[in-house]
Amino acid sequence: MTTTAAPVPGERTAEKNNPGAAPRRRRSGRLRKIGLPYLLLLPALLLELLVHLVPMIIGIVVSFRQLTQFYIRDWATAPWAGFDNYAVSIDFDAPVGEALVRSFLTTCLFTALSVGLCWFIGTAAAVFMQENFRGRGFLRTLFLVPYALPVYAAVITWAFMFQRDNGIINHVIHDQLGLTDSPPFWLIGDNAFVTLLVVSVWKGWPFAFLIMMAGLQNIPRDIYEAAALDGAGVWQQIRRITLPSLRPVNQVLVLVLFLWTFNDFNTPFVLFGKAAPESADLISLHIYQSSFQTWNFGTGSAMSVLLLLFLLVVTGLYLLFTSRGKKATDA
Amino acid sequence: MRRIRAAAVGAVTLSLVLTAAACGGGSSGSGGSNEQPKTLTYWASNQGASLEVDKKVLQPELDKFEKETGIKVKLEVVPWGDLLNRILTATTSGQGPDVLNIGNTWSASLQATGALLPWDEKNFEAIGGKDRFVESALGSTGVQGKDPAAVPLYSMAYALYYNKKMFADAGIKKPPTTWDEVTEAGKKLSKDGKWGLGAEGSNLSNNIHQVFVLAKQHGADFFTADGKADFTSDGAVAAVKQYVDLMAKDKIIAPGNAEYAQNQSLSDFAKDKTAMVLWQTAAATFEAQGMNKDEWDVVPAPVQSGEPGEGKGTNSMVAGINLAVFNNTKNIDGAKKFVKFMTSDAEQTVLNKEYGSIPPVKAAQEDAAFNTFALSPLRETLATSAAALPQVPEESQFETVVGTAVKELFADAAAGRAVTTASVKAKLEKAQQQMPKK
């Protein structure tokens, strides 16, 4: 028995036993074949990078400078700050860092809830709409209204509805239904988080619905028919056919919803104005306030870079995780 | 897989856009030229009931200017919410208007950017001299000891507006002149769904205006003499507490006002739901909301005790709009001519009459139109007992952080949470630490 030889067969066995190994080899061949589309994409990609890369580099440079109103006219002359801006941003014992981390955690919770609800409602509605029934077309149009409305107009309407003294929401839950002792505040204080969530889900789920509808239409009907013949019920069909077939669609949908929601600026800005209540202080508005309201562009940029890094890591992990998962299901 | 990669590319670009949003680039030269002597671009702030109203008021005057000088003025009316960011963007890119309106409290902050033409002796001579302007209005044109960054255009001051009938019904004989009297009257008035005083708890600037004046009355300022943030002095804390206590302790401001930021308190006043408001030049708004002139009256804003005057008798900030010239204008001579035109006695009378404001030009103030029951208290206040907000480069930051602190305290008060000296001080301390380090 040799000690050196032992691991080799072991590895081989592992490879043999790993059902993903064979498809992986096939995939690398496919990758070569699909090189052409990537080549064709290259010009657009280069332009994209040029348009976005330059500002990004400037943003990173600014994050290392002490850029305030004194230097904004010629930002290149702003003195270097080293890592000061980053130190301020992540000094969690001082107000700036403390506010940033609070805002970050708020945004994480908000994003998880909002994306989850958007996905759930969108998927449920899409599955429901697969059935042919009277008024389906009308309902489908109705579902898409929030998606089609201009964001500003829609959110400002919500802001009116959520007003404490004159808004329709308190009129219904307090005046008409008598559910509360006194009319609650929705735009300030702790409830602001709920307000933000409601508006965000209202605005976001039609997109999930739209994408899911498109995904569902790609699933051949005969699979369902075959499954029905084999005795699968509706729930089993959803669990065994619909959801697995939607997996690639879901991957993109969840990622896009995550990024949109995490970066959402319009909704809190229109609902709450320049200074959101602490409970609903989303990170994009927080960074805006740190840069444009207090004219501390260096710190704002440092926060943006930190956010960018976070999103890159999360996105990378997500892609890694979900494609691993996919390999497993391929097997 | 392909879809995932596309999504990954999308994700990366999306994040890049985000970062890009927080920065900008470019530089601009200093000092104007006369490359384009026949045109000017003018950014006017939104003064009238709507942008359209402003255009209607200003266009005939701009036509008059064109007839006189042959210079065509391209007008753009910019809403308040956008103005400061638009100016900042123009400053960074160097692509701004030739002449623009700025809120006078931003003078020192914008002066620090170096984007605005300094009004030295020579430039002031070109528009008729510094002496033509009211002293207090000149006080908010930039840091003391430096050439002003702008010229006063419209002036306003705070005063106490009250509902005559509601006062009579509550048996209040004369309008309040001190805060004690305001509270006393407010308590009589706050019942049956009606309230004593209105406030705009979520409006950061308005919060600042109110607590600044109260701080003066407590002998405090929010900045030290050498321009350092000083938000936590006893006077400043007492001022903020006194203002929020009008809701928290005295209960003469409706809790709902904590979320007001769109002048809803003026609508409440016009609808007889609130008996008093502290506001600057509100007459036109009341009229627009259907309130008759004989239903309300106006007196100087309250002080702690005694008579309004300088120092502890300060009862208003110097509110108003200034006119500035962008340093890199391509028509420097035309820009100065335009400023001269807009600040001429005749134009001052026309424009301030239209907007219900007070001319910062002494000669124009003589016009009978500014000697009405609605404007006299404001004019008097500006002349004797108004003070300019701190003219420091960090003024804009101060408005944000302290204005937000007051907003949060109002939210606490509205939710029934205790507002104590300690909680006020904690909020102000946090605000101070958010100011950029010098």
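Report follows, based on the coordinates.

Here the focus is the packing of aromatic side chains. By convention here, two paired aromatic rings are described through the distance between centres and the angle between planes. The final tally for this structure, using the stated rule, is 41 aromatic pairs over all chains. Taking the centre distance of 5.1 Å and the plane angle of 70 degrees together, the rings of Phe143(A) and Trp205(A) count as edge-to-face. A residue pair is termed long-range when its members are at least 10 positions apart, and Phe143(A) in helix α6 (residues 136-148) and Trp205(A) in helix α9 (residues 192-217) qualify at 62 residues. Residues Phe143(A) and Trp205(A) agree in their burial class; the two are buried. Summarising the aromatic geometry, the rings of Tyr154(B) and Tyr355(B) are spaced 5.3 Å apart at their centres and angled 70 degrees between planes, so their arrangement reads as edge-to-face. With Tyr154(B) in strand β4 (residues 151-156) and Tyr355(B) in helix α14 (residues 345-355), this pair connects stretches of sequence that are 201 residues apart. Each member of the pair, Tyr154(B) as well as Tyr355(B), is classed as buried.

This part is about unusual backbone geometry. All names here are of chain B. The backbone of asparagine 263 shows a phi angle near 65 degrees, a positive value even though the residue is not glycine. Within the secondary structure layout, asparagine 263 lies in the loop between α10 (234-248) and α11 (264-270). Residue class for asparagine 263 comes out partly exposed when judged on its relative accessible area of 32%. The backbone of aspartate 272 sits at a positive phi, close to 60 degrees, despite the residue not being glycine. Looking at the element boundaries, aspartate 272 is found in the loop between α11 and β7 (274-280). Exposure remark for aspartate 272: the relative accessible area of 27% places this residue in the partly exposed category.

All names here are of chain B. As enumerated under the stated definition, the model contains 18 salt bridges over all chains in all. The closest approach of N and O atoms between aspartate 345 and arginine 132, which form a salt bridge, is 2.9 Å. One end of the pair, aspartate 345, is in helix α14; the other, arginine 132, is in the loop between α5 (121-126) and α6 (135-138), with 213 residues separating them in the sequence. Given a relative accessible area of 35%, aspartate 345 falls into the partly exposed group. Put simply, glutamate 181 and lysine 174 hold a salt bridge, and the shortest N to O gap is 3.5 Å. Glutamate 181 sits in the partly exposed class, given a relative accessible area of 28%.

Here the focus is the sheet that holds strand β5 (residues 158-163) of chain B. Residues and elements named next belong to chain B. In space, the 4 strands of this open sheet follow the order β6-β7-β5-β8, with mixed pairing throughout. This sheet does not close on itself; its edge strands, each paired only once, are β6 (195-198) and β8 (296-300). Strand-to-strand, the axes of this sheet are offset by a mean angle of 20 degrees, without reference to chain direction. Pairing between β5 and β7: 5 bridges, direction antiparallel. Bridging from a neighbouring strand, leucine 160 pairs with leucine 278 of β7.

Moving on to the nonpolar core. By size, the foremost hydrophobic cluster in this structure holds 93 residues, and its most contacted members are Phe222(B), Phe231(B), Phe338(B) and Val402(B). In this structure, Phe110(A), Phe193(A), Leu253(A) and Val270(A) belong to the second largest nonpolar core, which totals 43 residues.

Residues and elements named next belong to chain B. With 19 residues, helix α2 (residues 51-69) should reach 27 Å at 1.5 Å per residue; the first-to-last C-alpha distance of 26 Å fits that figure. Along α2, the largest kink reaches about 30 degrees and is centred on leucine 58; proline proline 60 follows within four residues of it. Turning to α2, its buried residues are Asp54, Val57, Leu58, Glu61, Leu62 and Phe65. Lining the buried residues of α2 we find β1 (39-45), β2 (72-78), β4, α13 (332-342) and α14. Taken from the residues just after α2, glycine 70 is the one with a positive phi, measuring 80 degrees.

A few words on the pairing of β5(B). Residues and elements named next belong to chain B. Counting buried residues along β5, 6 of its 6 residues qualify, which places the element largely inside the surrounding structure. A two-sided burial pattern is seen for β5, the buried positions comprising Tyr158, Leu160 and Tyr162 on one face and Ala159, Tyr161 and Asn163 on the other. Here 5 bridges tie β5 to β8, and the two strands are oriented antiparallel to one another. Directly across from tyrosine 161, in β8, lies its bridge partner valine 298.

This next bit is on the sheet that holds β1(B). The strands that make up a sheet pair up through hydrogen bonds in the backbone, lying either parallel or antiparallel. All names here are of chain B. Taken together, the 5 strands give an open sheet; going across it, the order is β2-β1-β3-β10-β4, and neighbouring strands pair in mixed fashion. In the strand order of this sheet, the two ends are held by β2 and β4, each with one partner. Looking at each pair of strands side by side, their axes are set apart by 20 degrees on average, direction ignored.

Turning our attention to the side chain of Asn85(A). Residues and elements named next belong to chain A. Along the polypeptide, asparagine 85 turns up in helix α4 (residues 84-90). On the accessibility criterion, asparagine 85 (7% relative accessible area) is buried. For asparagine 85, the side chain forms a polar contact with the main-chain oxygen of serine 63, separated by 2.8 Å. A distance of 2.8 Å separates the side chain of asparagine 85 from the backbone oxygen of arginine 65, its partner in a polar contact. Sequence-distant contacts of asparagine 85, defined by excluding residues within four places in its chain, comprise Val62, Ser63, Phe64, Arg65, Gly298, Thr299 and Ala302.

Let us now look at the state of the cysteines. All names here are of chain A. One pass over the full model with this rule turns up 0 disulfides over all chains. The structure places no disulfide on cysteine 118, whose sulfur is separated from the nearest cysteine sulfur, that of cysteine 108, by 16 Å. For cysteine 118, a relative accessible area of 2% translates into the label buried.

On to the pairing of β2(B). Remark: a regular strand shows side chains that alternate across the two faces of the sheet. Residues and elements named next belong to chain B. Examined bridge by bridge, β1 and β2 share 7 bridges and lie parallel to one another. When the sheet's bridge partners are listed, leucine 40 is paired in β2 with valine 73. In this fold, β1 hands off to α2, which returns the chain to β2; that crossover is right-handed.

This next bit is on the environment of Glu366(B). Residue and element names in this part refer to chain B. Mapped onto the elements of the fold, glutamate 366 is located in the loop between α15 (362-365) and α16 (376-384). Judged by its relative accessible area of 67%, glutamate 366 is exposed. Linking glutamate 366 and asparagine 322, residues 44 residues apart in sequence, is a C-alpha distance of 20 Å.

A few words on a nonpolar patch on the surface. On the surface, Leu36(A), Leu39(A), Leu40(A), Leu42(A), Leu45(A), Leu46(A), Leu49(A), Leu53(A) and Ile57(A) cluster together into a nonpolar patch covering about 820 Å² of accessible area. A residue is classified by how much of its surface remains accessible, and Leu36(A), at 52% relative accessible area, is exposed.

A few words on the environment of Lys64(B). Residues and elements named next belong to chain B. Here lysine 64 lies in helix α2. Lysine 64 gets classed as partly exposed once you look at its relative accessible area, which sits at 37%. Between the C-alpha atom of lysine 64 and that of alanine 150, which follows or precedes it by 86 residues, the distance is 23 Å. Aside from chain neighbours lying at most four places away, what touches lysine 64 is Phe341 and Glu347. At 3.0 Å, the side chain of lysine 64 forms a polar contact with the side chain of glutamate 347.

Reading guide: rules and limits
Residues numbered from 1 in each chain as written. Chains lettered and ligands numbered in written order. Predicted model: local features only at pLDDT ≥ 70, side-chain atom pairs only at ≥ 80, totals over all residues. Heavy atoms only, no water. Phe/Tyr/Trp six-rings, centres within 6.5 Å; stacked < 30°, edge-to-face > 60°. Helix = DSSP H or I, 4+ residues; strand = E, 2+ residues; numbered from the N terminus. Buried < 20%, exposed > 50% of the residue type's maximum accessible area, 1.4 Å probe, protein only. Salt bridge = Lys/Arg side-chain N within 4 Å of Asp/Glu carboxyl O. Pairing = 2+ DSSP bridges. Axes fitted to C-alpha atoms, helices over the stretch in contact; angles between N-to-C directions. Core = buried A, V, L, I, M, F, W, Y, C linked by side-chain atoms within 4.5 Å. Expected span 1.5 Å × (residues − 1). Bend = angle between axes of the 7 residues up to and from the residue. Contact = heavy atoms within 4.5 Å. Polar contact = N/O pair within 3.5 Å; in protein donor to acceptor, adjacent residues only side chain to side chain. Disulfide = S-S within 2.5 Å. Right-handed = clockwise from strand over helix to strand, strands pointing away. Patch = residues over 30% accessible without salt bridge, like charges linked within 9 Å, V, L, I, M, F, W, Y side chains within 5 Å. Areas by Shrake-Rupley, 256 points an atom, 1.4 Å probe, with all protein chains shown as cover.

Function cannot be inferred from these measures alone, as they are strictly geometric.
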